[in-house]
Amino acid sequence: MSGTGKFIALCKELESAVKTRYGSTSHGESAYVFLSRKAEFKPYTKELDLIREVRNLIQHKDVEVKGKEAIYVDEVLMDALREIIRLVQQPETVGDVCTRDLVTADLSTPVKKVMDRMLDSSFSHIPVLDGQGKLLGIFSENTIFTRVAKEGMGALAETDCVRDFAPYLDIRDHVRDSFEFIAEGVATDQAVEQFKHRDKQGRRLAMLVVTRHGDPSEKVLGVLTPYDVLE
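This report concerns the structure included in the present document.

**Some details on the side chain of Arg-203**
Within the secondary structure, Arg-203 is located in the loop between α8 (188-195) and β6 (204-211). Owing to a relative accessible area of 12%, Arg-203 belongs among the buried residues under this scheme. Among the polar contacts made by the side chain of Arg-203, one reaches the main-chain carbonyl oxygen of His-174 at a distance of 2.7 Å. In this structure Arg-203 touches Ile-171, Arg-172, Asp-173, His-174, Val-175, Arg-176, Asp-177, Ser-178 and Arg-198, once residues within four positions along its chain are discounted.

Structure (structure tokens):
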């Protein structure tokens, strides 16, 4: 098979893979434009545009001069095409991109220490774990505000530990933010879609807690935030 023939065969393989994974593309756009609009393939936008242009040139123009091919498709471009095909066929998963080096706390952690960790790491939500690494709740600035609103400033003490905030850690009770569990094997683009929507109370999804099967009773393996996957 000629070089252009191999290239066109790879293009058809990509188009078939896109159809298999996503179904029909919207508004009849090409597989290349469709992929370039998805966050997962943003790093490949330039390659996708070039592949599309070369593919259209070969498909719709006579690229032979005196019976010989006048276009040479370098292996560099075909390797990029193969890599994109691989990503479509074997999607990046939540487990691939989540933060596994977690900043966490337990019930005995001093609140002052938790706040220092939040400042040092720029994390606004700190998972609170039990001795087996399972999630007990989330500590955030809103955890402090909620306690003050309900118990008054006098309820706060410099010696407070996370345990003193236990009634306000439950992920179901945060006022502004929501939290959900997700399996590590879920495709990243599904997580992206989850972050785009608010729940019935109008709360934004602030964090996905990653476990092996997405079960809250399992050990926490990592966390995923909108900043990890959204442009």
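**A short note on the pattern of salt bridges**
Considering all chains together, one arrives at 16 salt bridges under this definition. Residues Arg-52 and Asp-49 are paired through a salt bridge, measuring 3.9 Å at the closest nitrogen-oxygen approach. Note that Arg-52 and Asp-49 are positioned in helix α3 (residues 45-60) at a spacing of three residues, about one turn of the helix. Of the residues examined, Asp-49 reaches a relative accessible area of 29% and is grouped as partly exposed. Here Arg-82 makes a salt bridge to Glu-75, at a shortest N to O gap of 3.2 Å. By relative accessible area, Arg-82 is classed as partly exposed at 33%. Residue Glu-75 is classed as partly exposed on the basis of its relative accessible area, which comes to 36%. Within this structure, Arg-21, Glu-40 and Asp-189 form a network of salt bridges that share partners.

**Structural notes on the packing of aromatic side chains**
The description of an aromatic ring pair uses the distance of the two centres, along with the angle that the planes make with each other. The final tally for this structure, using the stated rule, is two aromatic pairs. On the basis of an interplanar angle of 70° and a centroid distance of 5.0 Å, the ring pair of Tyr-22 and Phe-34 is categorised as edge-to-face. Of this pair, Tyr-22 sits in helix α1 (residues 3-22) while Phe-34 sits in helix α2 (residues 31-36), and the two are twelve residues apart along the sequence. The interplanar angle of 75° and the centroid separation of 5.5 Å between the aromatic rings of Phe-139 and Phe-165 together place this pair among those described as edge-to-face. Of this pair, Phe-139 sits in strand β4 (residues 135-140) while Phe-165 sits in the loop between α7 (141-151) and β5 (177-183), and the two are 26 residues apart along the sequence. Of the residues examined, Phe-139 reaches a relative accessible area of 0% and is grouped as buried. One residue, Arg-147, lies across the ring of Phe-165, its end atom 4.5 Å from the ring centre.

Rules behind the numbers
Residues numbered from 1 in each chain as written. Predicted model: local features only at pLDDT ≥ 70, side-chain atom pairs only at ≥ 80, totals over all residues. Heavy atoms only, no water. Helix = DSSP H or I, 4+ residues; strand = E, 2+ residues; numbered from the N terminus. Buried < 20%, exposed > 50% of the residue type's maximum accessible area, 1.4 Å probe, protein only. Polar contact = N/O pair within 3.5 Å; in protein donor to acceptor, adjacent residues only side chain to side chain. Contact = heavy atoms within 4.5 Å. Salt bridge = Lys/Arg side-chain N within 4 Å of Asp/Glu carboxyl O. Phe/Tyr/Trp six-rings, centres within 6.5 Å; stacked < 30°, edge-to-face > 60°. Lys NZ or Arg CZ within 6 Å of the ring centre and 35° of its normal.

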